[in-house]
Amino acid sequence: MTKPATTTDASPAPKRRAPKESVDPQSLAPPAPEANGMETPTKPKAPRSWPDEPDPRRKKVPEGLWMRCVACGETLYRKALEDNLHVCTNKECQHHYRIGAAQRVEQLCDPDTFEPMDEHLSTGDPLHFTDLKPYPDRLKAEQQRTGRSEAILTGSGYIQGRRVVLAVLDLTFMMGSMGSVVGEKVTRAIERATEQDWPLIIVSSSGGARMQESTLSLMQMAKTSAALAQFDDAGGLYISVLTDPTTGGVTASFAMLGDIILAEPGALIGFAGPRVIQQTIRQDLPDGFQRAEFLKKTGFVDRVVPRGELRREISRIIDYGGK
Ligand SMILES: [Zn+2]
């Protein structure tokens, strides 16, 4: 277990973080290709494979009001995209942009019903870990940049009138990586749901376990899984929502333990990344490998749900679950 975990967790190192502090979808997209896009006169048509999509005309679009979709290349009115829950407004594309935890909570919960919990928890540095800079410095920089204390938001709220405990991983903070605080907050959220007998919803988006906390991060996989087992014994209902990307130790623990597992269209879901797997097994991977639709076909995911339907789908499942 240790070996693949290390491999995966090496990739989401937060040093490549875009400097923007807002949850601008483009800042969460992979780094743009070289600016000299003029060398590629014929733009390859690949509507859904948004990573590394060359976008030669992008520079001409003024920042702010308008943006170019990273998936289909269509010019989008930014406000319309926001109103559409950060899903591309081009009907044929509907690319789901990555969003931060606060936005997700706002989209899922009934207005003003979310009450955060355990916000005081903060991470120590028991291993005195230093990569390019000491871990405490890195944390502080992330906290200042995002205004958030950790890579997760937990609390209780209502979804279409149904009381739930909600935990949302935040990709904007150190790539949503799971250290001891993320694991602890997930565990406390599960315990709260167990005590209150409320349905539990966890929305995952993560680069995996946080390498700066090494084994302590890996232990969170066991801890959260154990808490979920108790929740299950108590008859709790857990709906896991996988969003782009859900990888590493998060996939290998609570993200895959839902009674019902939903995923957003096109989301990358896996343990190790496709490139690592390809290099290891030296074989071409099938089309759509590790995408939500592929995992639906292979049985890992119960249903692929567009973002606009998530609220309704979750409340329907809660009603079916008799909660
Ligand atoms: Zn699009």
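Okay, so let's go over this structure. Keep in mind that this is a model prediction, so the values were computed, not measured.

## A word on the overall build of the protein
The number of helices and strands found in the protein is 11 helices and nine strands. Of all 323 residues assigned to the protein, the portion counted as buried reaches 43%. Here the contacts in the protein between residues at least 6 apart in sequence split such that 67% fall between residues at least 24 apart.

## Examining the nonpolar core
Counting residues in hydrophobic clusters, the biggest one holds 60 residues, and the most contacted among them are Ile-152, Leu-166, Val-168, Leu-200, Ile-201, Leu-242 and Ala-263. Once residues within four sequence positions are removed from consideration, Leu-200 is found in contact with Val-165, Ala-189, Ile-190, Ala-193, Phe-231, Gly-236 and Tyr-238. Grouped together as the second largest cluster of nonpolar side chains are 10 residues, Leu-76, Cys-88, Cys-93 and Tyr-97 included.

## A few points about the pairing of strand 8 (residues 260–263)
Alignment of strand 7 (residues 238–246) against strand 8, held across four bridges, turns out to be parallel. Across the sheet, Leu-242 pairs through a bridge with Ala-263, a residue of strand 8. Of the pairings in the sheet, the one linking strand 8 to strand 9 (residues 303–304) comprises two bridges and is parallel in character. For Ala-263, the partnering residue across the bridge sits in strand 9 and is Val-304.

## Observations regarding the environment of Ala-222
Residue placement: Ala-222 occurs in helix 7 (residues 214–233). Separated by 39 residues in the primary sequence, Ala-222 and Gly-183 place their C-alpha atoms 9.4 Å from one another.

## Looking at the packing of helix 6 (residues 180–196) against helix 7
Two elements in contact, helix 6 and helix 7, have axes separated by 9 Å at closest approach and are oriented at 5°. The angle between helix 6 and helix 7 places the two elements in the roughly parallel class. Together, Ser-180, Val-182, Gly-183, Val-186, Thr-187, Ile-190, Glu-191, Ala-193 and Thr-194 of helix 6 and Leu-216, Ser-217, Gln-220, Lys-223, Thr-224, Ala-227, Leu-228, Gln-230 and Phe-231 of helix 7 make up the contact between the two elements.

## Some thoughts on the sheet that holds strand 9
An order of 3-4-5-6-7-8-9 is seen for the seven strands of this open sheet, with the pairing classed as mixed. Only two strands of the sheet have a single neighbouring strand rather than two, namely strand 3 (115–116) and strand 9.

## Here's the deal with the environment of Val-186
With respect to the helices, strands and loops of the structure, Val-186 is situated in helix 6. Residue Val-186 is classed as buried on the basis of its 26 C-beta neighbours within 10 Å. C-alpha separation for the pair Val-186 and Phe-254, spaced 68 residues apart in sequence, amounts to 8.8 Å.

Criteria and thresholds
- Residues numbered from 1 in each chain as written.
- Predicted model: local features only at pLDDT ≥ 70, side-chain atom pairs only at ≥ 80, totals over all residues.
- Helix = DSSP H or I, 4+ residues; strand = E, 2+ residues; numbered from the N terminus.
- Buried ≥ 20, exposed ≤ 12 C-beta atoms within 10 Å, placed from the backbone.
- Contact = placed C-beta atoms within 7 Å.
- Core = buried A, V, L, I, M, F, W, Y, C linked by C-beta atoms within 7 Å.
- Pairing = 2+ DSSP bridges.
- Axes fitted to C-alpha atoms, helices over the stretch in contact; angles between N-to-C directions.
- Parallel < 35°, antiparallel > 145°, perpendicular 65-115°, else oblique.

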